[in-house]
Amino acid sequence: MASYRSIVITGASGGIGTELAKAFAAPGVSLALIARDESRLKPLAEVCRSAGASVAIAGIDVRDREALHAFLAAHDDAHPVDLLIANSGVTCGLGPDRSRESDADAEWLADVNYKGVVHTVSALVERMRARRKGRIVMMSSLAGMRGLPDMPSYSATKAAVIAYGESLRGWLRPFKVGVTVICPGFVTSPMSARHMGAKPFEISAAKAARIIKRAAEWGLPFRAFPWPLALGIRLSRLLPPWASDLFYMPMSADIERDPRADL
């Protein structure tokens, strides 16, 4: 079981990211916590420092590749990173009266959920490859395993993360750099609170963080949870398309628009 001493977490200002920072905080651990709103990272940093970790924070939007790369390169120079967690993510769904997603929302989802992951990984992957050690964890979603009719672009971006992670895993395996793709279901968070519909097997962000931490420590290539929902999704893919579509009808939901989309 791997033990990590220098950890980067994007999207650390809330939900799973915050709980991951708390879960990994310990004496001898260096944490770099990144989120768009630096003010929300400051109290988290104090909690992690009280647990014995050294903490650096940065208010960076993962869409800003240059700023993200500059910060991570400087941090890696001082604390060679052995665990990189690309956790930043946002959500939007269909428009009013189940109209199509706006072009702006679809592009925002692609920029944060997929391009933001690529920007995060590309900042450090060559350094990790040269050191021949470390692990990259990427946050996808169960919606990436099977697209949800209420969230077309969100589902597509999360499917892209799965494909990207699978490709990286094959590329980096000979260089001793591990890759883990995480597919959570419903996790209690502000993002989940905007999902107006059924949320089967919803779990707390703290429990999700514990599952993800174990997956990273055990070097799992893929972890989808909760298992009953993940199993149902896997089985649904064996059905004819028309039957699979019927399977998802009871999970229909309205997705309140994320106010951050306008910032």
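Residues numbered from 1 in each chain as written. Predicted model: local features only at pLDDT ≥ 70, side-chain atom pairs only at ≥ 80, totals over all residues. Heavy atoms only, no water.

Student: Describe the packing of aromatic side chains, with residues and values.
Tutor: The geometry of an aromatic ring pair comes down to the distance between the two centres and the angle between the two planes. A full pass over the atoms with the stated rule returns two aromatic pairs. Plain terms: the ring middles of Tyr114 and Tyr164 are 5.9 Å apart, the flat faces sit at 80° to each other, and that makes the pair edge-to-face. Here Tyr114 is found in helix H4 (residues 103-131), whereas its partner Tyr164 is found in helix H6 (residues 152-172), with 50 residues between them in sequence. Overall, the relative accessible area of 17% leaves Tyr164 in the buried class. When the ring of Phe247 is compared with that of Tyr248, the centres are 5.1 Å apart and the planes differ by 80°; the resulting orientation is edge-to-face. Given the relative accessible area of 3%, Tyr248 is considered buried. (Phe/Tyr/Trp six-rings, centres within 6.5 Å; stacked < 30°, edge-to-face > 60°. Helix = DSSP H or I, 4+ residues; strand = E, 2+ residues; numbered from the N terminus. Buried < 20%, exposed > 50% of the residue type's maximum accessible area, 1.4 Å probe, protein only.)

Student: So what's going on with the sheet that holds strand S5 (residues 135-139)? Which residues, and what values?
Tutor: Within the open sheet, the seven strands sit side by side as S3-S2-S1-S4-S5-S6-S8. Their pairing is parallel. Since the sheet does not close on itself, it has two edges, and those belong to strand S3 (54-59) and strand S8 (222-225), each with one partner. Put simply, the sheet's adjacent strands are angled 15° from each other on average, direction ignored. As judged from the five bridges shared by S5 and strand S6 (residues 178-184), these two strands associate in the parallel manner. Bridge assignment links Ile136 to a residue of S6, and that residue is Val179. Sheet strands in contact with helix H3 (residues 65-78) are strand S1 (6-10), strand S2 (30-35) and S3, and its direction is about 175° off that of S2. (Pairing = 2+ DSSP bridges. Axes fitted to C-alpha atoms, helices over the stretch in contact; angles between N-to-C directions. Contact = heavy atoms within 4.5 Å.)

Student: Now, about the environment of Ile60: what can you tell me, with residues and values included?
Tutor: Relative to the assigned elements, Ile60 resides in the loop between S3 and H3. A relative accessible area of 11% places Ile60 in the buried class. Sequence spacing of Ile60 and Glu38 is 22 residues, and the spatial spacing of their C-alpha atoms is 7.8 Å. Residue contacts for Ile60: discarding those within four places in its chain leaves Ile34, Ala35, Arg36, Ala67, Leu68 and Phe71.

Student: Please provide a residue-by-residue account of the environment of Pro250, values included.
Tutor: Residue placement: Pro250 occurs in the loop between helix H10 (241-248) and strand S9 (253-255). Taking relative accessible area as the criterion, Pro250 reaches 63% and is therefore assigned exposed. A sequence separation of 53 residues divides Pro250 from Gly197, and the C-alpha atoms of the two residues are 9.2 Å apart.

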